[in-house]
Amino acid sequence: MTADESLGRLEDDDYPAYTMGRAAELIGTTPGFLRALGEARLITPLRSGGGHRRYSRYQLRIAARARELVDQGTPIEAACRIIILEDQLEEAQRINAEYRRAGASPGLSADA
């Protein structure tokens, strides 16, 4: 693997580049909090060859959002459910916007 390929992987939001300790440090929490998010099935870290948890930048953003909610007094189970619902809403809005754009395309009738 070349240096450019390695750098490209680090820029990939889904590449599991962070160990549990580093991930916890980056979002200002404990490894136990990250384990709890895994137990709640909010995030599922990948495992290294040695079985250690590895986290992606995308997973760290989710964990940081969970930490924010928990810091505001939301129980962790509720925080995880809120984040899942927020994600589902965002996806539904994205799909809805695609349908609206497709419906606004020339040549399509309103009753199609």
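One can find the structure itself at the top, above this paragraph.
Every chain is numbered on its own, with residues counted from 1 as its sequence reads. In keeping with the predicted nature of the model, local features appear solely for residues at pLDDT of at least 70, side-chain atom pairs appear and are counted solely at 80 or more, and the whole-chain, interface and lining totals rest on all residues. Note: side-chain values were computed over all heavy atoms of the structure, leaving out hydrogens and water.

## Some thoughts on the overall build of the protein chain
When helices and strands are counted, the protein chain shows five helices and three strands. Numbering goes from the N terminus for both helices and strands, where a helix is a DSSP run of H or I of at least four residues and a strand is a run of E of at least two. Starting at the N terminus, the α and β elements of the protein chain follow one another as α-β-α-α-β-β-α-α. Each residue is placed in one exposure class: buried if its accessible area under a 1.4 Å probe, protein chains only, is under 20% of its type's maximum, exposed if it is over 50%, and partly exposed if it falls in between. When burial is assessed residue by residue, the protein chain has 21% of its 112 residues classed as buried. Pairs of residues are marked as contacts when any of their non-hydrogen atoms sit within 4.5 Å. Long-range contacts, defined as pairs at least 24 residues apart, comprise 56% of the intrachain contacts of the protein chain with a sequence gap of at least 6. Per-residue and other accessible areas follow the Shrake-Rupley method at a 1.4 Å probe size, with only the shown protein chains counted as cover for residues. Accessible surface for the protein chain amounts to roughly 7700 Å². Of this, 52% is attributable to carbon and sulfur atoms.

## Regarding the packing of helix α3 (residues 31-39) against helix α4 (residues 57-71)
In this description, a line fitted to the C-alpha atoms serves as the axis of each element, helices being fitted only across the stretch in contact, and the angle between N-to-C directions of two axes falls anywhere from 0 to 180 degrees. Running from amino to carboxyl end, α3 crosses α4 at an angle of 100 degrees, the nearest separation of the two axes being 11 Å. As judged from the angle between their axes, α3 and α4 are roughly perpendicular. From α3, F33, L34 and L37 reach across to α4, where they touch A63, A66, R67 and V70. Reported orientations rely on four angle classes, namely roughly parallel under 35 degrees, roughly antiparallel over 145, roughly perpendicular from 65 to 115, and oblique for the rest.

## Remarks on the sheet that holds strand β3 (residues 53-55)
Strand pairing is assigned whenever DSSP identifies at least 2 bridges connecting the two strands. The sheet built from three strands is open, its strands ordered β1-β3-β2 with antiparallel pairing. The strands lining the two open edges of the sheet, one partner per strand, are β1 (18-19) and β2 (46-47). Of the pairings in the sheet, the one linking β2 to β3 comprises two bridges and is antiparallel in character. Residue pairing in the sheet places R47 in a bridge with R53 of β3. Its contacts with the sheet place α4 against β1 and β3, and it is angled at close to 90 degrees to β3.

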